[in-house]
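Close look at the chain arrangement
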Amino acid sequence: MTEAILLVGGKGTRLRPLTVHTPKPMVRAAGVPFLTHQLARAKAAGVEHIVLATSYLAEVFEPYFGDGSSLGLHLEYATEEEPLGTGGALRNVAPRLRSGPDEPVLVFNGDILTGLDIGALVRTHEETGADVSLHLTKVTDPRAYGLVPTDGTGRVLAFLEKPQTPEEIVTDQINAGAYVFRRSVIDTIPQGRPVSVERETFPGLLAAGAHLQGMVDSTYWLDLGTPAAFVRGSADLVLGRAPSPAVPGRCGDRLVLPTAVVAPDAKLTGGTVVGEGAFVAEGARVFGSTILPGAVIEPGAVITDSLIGTHARVGTRSVLTGTVIGDGAVVGADNELREGARVWCDAHIPAGAVRFSSDR
């Protein structure tokens, strides 16, 4: 297998304000755009040619990655004028594929961080003669996901919507968002209209008697669709819990990029990343967080499990937990922001304006 499609067209609405100016796959995780980790893992698995299915802020991708030669890949870009869904995106890029009708094409979703053994998925596909093979993972609580039950040989039996009652939870296996398609199957997807592979293509193939094979791989898996998950994924990459050959430095408690400045007594732990040109002042404590390029953390600030946007500023003694600060925003001194707070791009919170405790 030498060919893959990366689905990177989503708007990333659950990640706003991170995705106001930046498409989700280009938000930095462990110091580089998240897409870099996916491209590097595909390359390590032997993929040579990748087509990026783009839509939202499509103009951002090619100037950054170019033709892919710096990564040892050949990249092409296919842009949807109107969002076409996962299946429609695959059909839209089909003319750029080089594979023959029976050859395998790897498909990745652009917001999944995984330790999947890509080679094992391809081998499973070839050994079973499947039309489509799916990476499945087991989750403790499957209620938020569609379920994919299989028989004793791994053949997919059904695609079930998110279960609403305990009786509907017939398996803990879910669709993990990576597939191997027989090339000819992609060519059968309807063209020019939105199509969901999960809701239309896969159930339709099953109904027509096609062979869909599941491979359970329960290594690291994380959907980066929410700010909390994205921050955790970045920290796990830095800590080495999630595998990637693209982390720009040694795995450990912290990753400080070139040109960043960190005061000697500032404490960075838990997989914290400090981007290029950022500044972390004396006495600041940052745990499990991402500080994007050009951001400023003032003296005594305490930041936990949060993401601080490009050129944003967090004021002296402010305490942030589970918070996202948009690009260019300013959080004044002596504020407290807790889980779920999102400060929009270029917003300005005055000193002492938001608190959850007394000011004394």
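Residues numbered from 1 in each chain as written. Predicted model: local features only at pLDDT ≥ 70, side-chain atom pairs only at ≥ 80, totals over all residues. Heavy atoms only, no water.

The line we're drawing: UniProt positions are given in the numbering used here, feature names are shortened, and annotations may be inferred rather than shown by experiment.
As recorded in an unreviewed UniProt entry, the protein goes by Sugar phosphate nucleotidyltransferase and comes from Streptomyces kebangsaanensis. For the protein, the Sequence similarities (unreviewed entry) comment in UniProt is given as "Belongs to the transferase hexapeptide repeat family."

1. A few points about empty space enclosed by the protein
To be explicit about the condition: Cavity: a set of points on a 1 Å grid over the protein atoms alone where a 1.4 Å probe fits but cannot get out. Pocket: an open set with protein on both sides within 12 Å along at least five of seven lines, its lining residues, like those of a cavity, having an atom within 4 Å of a point. Grid points are joined across faces, edges and corners, and a volume is the space filled by probe spheres set on the points. The way it works is that DSSP assigns letters per residue, a run of H or I at least four long becomes a helix, a run of E at least two long becomes a strand, and they are numbered from the N terminus. Any residue that is not Ala, Val, Leu, Ile, Met, Phe, Trp, Tyr, Cys, Pro, Asp, Glu, Lys or Arg is counted as polar, Gly included; the first ten are nonpolar and the last four charged.
This model, assessed by the stated rule, comprises two cavities of 30 Å³ or more. If you add up the space inside the largest cavity, you get close to 70 Å³. As for the largest cavity, its lining consists of Phe34, His37, Gln38, Arg41, Phe108, Ile112, Leu113 and Thr114. Those elements that place two or more of their residues in the lining of the largest cavity are helix H1 (34–44) and strand E7 (112–114). Top contributing element to the lining of the largest cavity by residue count: H1, with four residues. Taken together, Arg28, Gly31, Val273, Gly275, Glu276, Thr290, Ile291, Leu292 and Pro293 make up the full set of residues lining the second largest cavity. Among the residues making up the lining of the second largest cavity, the classes are represented as four nonpolar, three polar and two charged.

2. Things to note about the environment of Gly88
Quick reminder of the rule: Contacts are assigned to residue pairs that have any heavy atoms within 4.5 Å of one another.
With respect to the helices and strands, Gly88 occurs in helix H3 (residues 85–93). Taking the C-alpha atoms as reference points, Gly88 and Asp131, 43 residues apart in sequence, are found 18 Å from one another. With residues near it in sequence (within four places) discarded, Gly88 still touches Arg193 and Val195.

3. Topic: the sheet that holds strand E18 (residues 290–291)
Filter applied, for reference: Whether two strands pair comes down to DSSP finding at least two bridges between them. All axes here are fitted lines through C-alpha atoms, helices being fitted over the stretch that makes contact, and every angle between N-to-C directions spans 0 to 180 degrees.
Spatial ordering of the open sheet is given by E12-E15-E18-E21-E24-E27, a layout of six strands whose pairing is parallel. Looking along the sheet, the strands with just one partner apiece sit at the ends: strand E12 (254–256) and strand E27 (342–343). Bridging between E18 and strand E21 (residues 307–308) involves two bridges; their strand directions are parallel. Opposite Thr290, over in E21, you have Leu307 as the bridge partner. Strands E12, strand E15 (272–274), E18, E21, strand E24 (324–325) and E27 of the sheet are contacted by helix H7 (residues 227–239), whose axis makes an angle of about 90 degrees with E15.

4. Topic: the sheet that holds strand E26 (residues 336–337)
Pairing within the open sheet is parallel, and its five strands lie in the order E14-E17-E20-E23-E26. At either margin of the open sheet sits one strand with a lone partner, and together these are strand E14 (267–269) and E26.

5. Remarks on the UniProt feature "domain: Mannose-1-phosphate guanyltransferase C-terminal" (unreviewed entry) in the protein
Here, UniProt's "domain: Mannose-1-phosphate guanyltransferase C-terminal" (unreviewed entry) annotation points to residues 252–333. Spanning residues 252–333, this segment combines 0% helix with 41% strand, and its end C-alpha atoms are found 30 Å apart.

6. Remarks on the nonpolar core
Basically, it comes down to this: What we call a nonpolar core is a set of buried Ala, Val, Leu, Ile, Met, Phe, Trp, Tyr and Cys residues that are connected through their side-chain atoms within 4.5 Å. Each residue's exposure class comes from its accessible area (1.4 Å probe, protein chains only) as a fraction of the maximum for that residue type: buried when under 20%, exposed when over 50%, partly exposed otherwise.
In this structure, Ile5, Leu90, Val132, Leu134, Phe181, Phe202 and Leu212 are the most contacted members of the largest nonpolar core, which totals 29 residues. Where this core is concerned, the elements lending two or more residues are strand E1 (3–7), strand E4 (49–54), H3, strand E6 (104–109), strand E8 (132–138), strand E9 (173–182), helix H5 (183–186) and helix H6 (197–207). Leaving out residues up to four positions away in the same chain, Phe181 has contacts with Leu90, Glu103, Pro104, Val105, Val107, His125, Asp131, Val132, Ile186, Val197 and Phe202.

7. Section: the environment of Pro350
With respect to the helices, strands and loops of the structure, Pro350 is situated in the segment after strand E28 (348–349). Judged by its relative accessible area of 48%, Pro350 is partly exposed. Spatially, the C-alpha atom of Pro350 lies 54 Å from that of Thr2, the residues being 348 residues apart in sequence. Setting aside its immediate chain neighbours within four residues, Pro350 contacts Gly332 and Asn335.

8. Describing the packing of aromatic side chains
We describe a pair of aromatic rings using the distance from one ring centre to the other and the angle between the two ring planes. For clarity, the threshold we go by: For this analysis, a ring pair means two rings from Phe, Tyr or Trp (six-membered ring only for Trp) whose centres lie within 6.5 Å, classed as stacked if their planes differ by under 30 degrees, edge-to-face if by over 60, and tilted for the remaining angles.
Evaluation of the coordinates by the stated rule reveals seven aromatic pairs. Every member of this aromatic cluster is reached through a ring pair, and the members are Phe159, Tyr179, Phe181 and Phe202.

9. A word on the pairing of E1
With five of its five residues buried, E1 lies for the most part within the structure. Of the two faces of E1, the one holding Glu3, Ile5 and Leu7 and the one holding Ala4 and Leu6 are both buried throughout. As defined by bridge partners, E1 adjoins E4 across five bridges and the pair is classed as parallel. Bridge pairing in E4 links Leu6 to Leu52. Pairing analysis gives four bridges linking E1 to E6, with the strands arranged parallel. Residue Leu7 lies in a different strand from E6, and its bridge partner there is Asn109.

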